[in-house]
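# Residue-level structural notes
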Amino acid sequence: MDATERLPTRPDTAVFVSGVASMGLEILAGRIVAPQFGSSIYTWGTIIGVFLAALSYGYHRGGRLAASRASTGRMARVFLFTAAYVAGLILLGDPFLRASARVPLPSRLASLPAVVVLFGPPTYLLGYVSPYAAELVEAESTGGASGHVYALGTVGSIVGAFATTFALIPYVGVTLIESIFGVVLIGAALGLADREDTATWSGVFAALVLLMLAFSLATYTPVGDRNVYHTQTAYQDLRVADDHPIELHHLASPAAPRGGAPRAREATTTPATRPASLRARRTDNRERPQRERAPPAHDAP
């Protein structure tokens, strides 16, 4: 066997990347849903079950279509659709999690709708890759092709699990990790595309723009945001928010109604919004020495 024959082919690379992405998203799913549903055994059981169900259904559908539709171009489009869904996950994942947390379900099943909607479709799409690759791999027998594909997919899953757990989550934010997976998926589609396949090249450009837009909107910090620090730890997502104190001042109005007491005017201010004249007046009052009071006059005996 020549050295060139031992080099990985494009279907081999596709299977490896699909394993990395599927297991990486599975590990990341636990971190994404934890702020709303916790990280109990029920949450993790739901995540594992949904991922296995979606992969098995993708394997089934992909296997039925592989004989007539398997091609590197179709595998490239599978990666592009998955990357586009990851972009939607970046942009709409948190609002959907907050909304699904209000669904009246038993606590053990509370995370099921969110996990199914957010992670079921991309995992299902990645399930198409292995049957397509098994159809395209040049092997002496069906068993040899299947074993080759299973081995590559498993190695990719191992790499995705360890890389996400030890190299990404403790040091990188969830949004950036999702974007990294999206870029990896787009890169896999780019490697599978033929030069004359203009549809796939257009899809690569569109998916990349969508991913960049989703990342920009997700990381945009609006004016007045109270989060002063945000990081990932080995255990959970950590946010520090600053709750500014509110001061209530009662100021006497210079114009008062006839025959009545001066009207009071309420103003809710913070130290940053307090008028400069008021700050100066209060400072002058503090620095002005108090006048000596004359002793009280005593009545004559």
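Residues numbered from 1 in each chain as written. Predicted model: local features only at pLDDT ≥ 70, side-chain atom pairs only at ≥ 80, totals over all residues. Heavy atoms only, no water.

A word on the pattern of salt bridges. The final tally for this structure, using the stated rule, is two salt bridges. Note that Arg-10 is salt-bridged to Asp-194, the shortest N-O span being 3.1 Å. Of this pair, Arg-10 sits in helix H1 (residues 10-37) while Asp-194 sits in the loop between helix H7 (174-192) and helix H8 (198-219), and the two are 184 residues apart along the sequence. (Salt bridge = Lys/Arg side-chain N within 4 Å of Asp/Glu carboxyl O. Helix = DSSP H or I, 4+ residues; strand = E, 2+ residues; numbered from the N terminus.)

What follows is about a nonpolar patch on the surface. Taken together, Val-103, Leu-105, Leu-109, Leu-112, Val-116 and Val-117 make up a surface patch of nonpolar side chains, about 440 Å² in accessible area. As for its placement among the helices and strands, Leu-109 is situated in the loop between helix H3 (72-100) and helix H4 (112-126). (Patch = residues over 30% accessible without salt bridge, like charges linked within 9 Å, V, L, I, M, F, W, Y side chains within 5 Å. Areas by Shrake-Rupley, 256 points an atom, 1.4 Å probe, with all protein chains shown as cover.)

For helix H5 (residues 129-136), every residue scored as buried is listed here: Val-129, Ser-130, Pro-131, Tyr-132 and Ala-133. On its buried face, H5 is in contact with H1, helix H2 (41-69), H3, H4 and helix H6 (142-168). (Buried < 20%, exposed > 50% of the residue type's maximum accessible area, 1.4 Å probe, protein only. Contact = heavy atoms within 4.5 Å.)

This part covers the confidence of the model for the protein chain. The predicted model of the protein chain averages 83 in pLDDT, with 75% of residues at 70 or higher. Taking the mean pLDDT of every element in the protein chain, the minimum, 43, falls on strand E3 (residues 247-252) and the maximum, 97, on H4. In this model residues 247-269 is a low-confidence stretch, pLDDT under 50, and it forms 29 contacts with partners more than four residues away in sequence or in other chains. Scored below 50 in pLDDT, residues 277-283 shows four contacts in the model against residues more than four places distant or in partner chains. (pLDDT = per-residue confidence, 0-100.)

Applying the stated criterion across every chain, the model contains five aromatic pairs. Note on Tyr-57 and Tyr-124: the rings are 5.2 Å apart at their centroids and 25° apart in plane angle, and the pair reads as stacked. You can see Tyr-57 sitting in helix H2 and its partner Tyr-124 sitting in helix H4, a full 67 residues away along the chain. Judged by relative accessible area, which is 46%, Tyr-57 ranks as partly exposed. Consider the rings of Tyr-124 and Tyr-128, whose centres lie 5.3 Å apart with planes at 90°: the pair is edge-to-face. Among the aromatic residues, ring-to-ring pairing joins Tyr-57, Tyr-124, Tyr-128 and Tyr-132 into one connected group. (Phe/Tyr/Trp six-rings, centres within 6.5 Å; stacked < 30°, edge-to-face > 60°.)

Moving on, we come to the packing of H1 against H7. Their axes nearest at 10 Å, the elements H1 and H7 cross at an angle of 165°. Between H1 and H7, the crossing angle belongs to the class labelled roughly antiparallel. In this structure, the crossing between H1 and H7 has a hand that is left-handed. Along its contact with H1, which presents Arg-10, Ala-14, Val-17, Val-20, Ala-21, Gly-24, Leu-25, Leu-28, Arg-31 and Ile-32, the element H7 presents Val-174, Ile-177, Glu-178, Phe-181, Val-184, Leu-185, Ala-188, Gly-191 and Leu-192. Residues that form the contact of H1 with H7 fall into these classes: 14 nonpolar, two polar and three charged. (Axes fitted to C-alpha atoms, helices over the stretch in contact; angles between N-to-C directions. Parallel < 35°, antiparallel > 145°, perpendicular 65-115°, else oblique. Left-handed = near helix turned anticlockwise from the far one by under 90°. Nonpolar A, V, L, I, M, F, W, Y, C, P; charged D, E, K, R; others polar.)

Next up on the list: the packing of H3 against H7. Close contact between H3 and H7 brings their axes to 8 Å; oriented N to C, the two are set at 165°. One element, H3, and the other, H7, form an angle in the roughly antiparallel class. As H3 runs across H7, the sense of the crossing is left-handed. Seen from H3, the contacting residues are Thr-72, Met-75, Ala-76, Phe-79, Leu-80, Thr-82, Ala-83, Val-86, Leu-89 and Ile-90; seen from H7, they are Thr-175, Glu-178, Ser-179, Gly-182, Leu-185, Ile-186, Ala-188, Ala-189 and Leu-192. Considering only residue class, the contact of H3 with H7 consists of 13 nonpolar, five polar and one charged.

What follows deals with the layout of surface pockets. One number sums up the size of the second largest pocket: a volume of about 500 Å³. Considering the residues around the second largest pocket, the lining is formed by 27 residues, among which Tyr-59, Ser-130, Val-149, Tyr-150 and Gly-153 are closest to the centre. Broken down by element, the lining of the second largest pocket gets its largest block of residues, eight residues, from H6. Split by residue class, the lining of the second largest pocket holds 14 nonpolar, eleven polar and two charged. (1 Å grid on protein atoms, 1.4 Å probe; cavity = no way out; pocket = protein on both sides within 12 Å on 5 of 7 lines; lining within 4 Å. Points joined across faces, edges and corners; volume = space filled by probe spheres on them.)

This part is about the nonpolar core. Residues Met-75, Phe-79, Val-129, Tyr-132 and Leu-185 are the most contacted members of the largest nonpolar core, which totals 33 residues. Looking at this core, the elements that each hand over two or more residues are H1, H2, H3, H4, H5, H7 and H8. In terms of residue count, the dominant contributor to this core is H3 (nine residues). Beyond its immediate chain neighbours, meaning those up to four positions away, Met-75 contacts Pro-11, Ala-14, Val-129, Tyr-132, Ala-133, Leu-136 and Leu-192. Membership of the second largest hydrophobic core comes to 22 residues, among which are Leu-28, Phe-51, Ala-110 and Ala-114. (Core = buried A, V, L, I, M, F, W, Y, C linked by side-chain atoms within 4.5 Å.)

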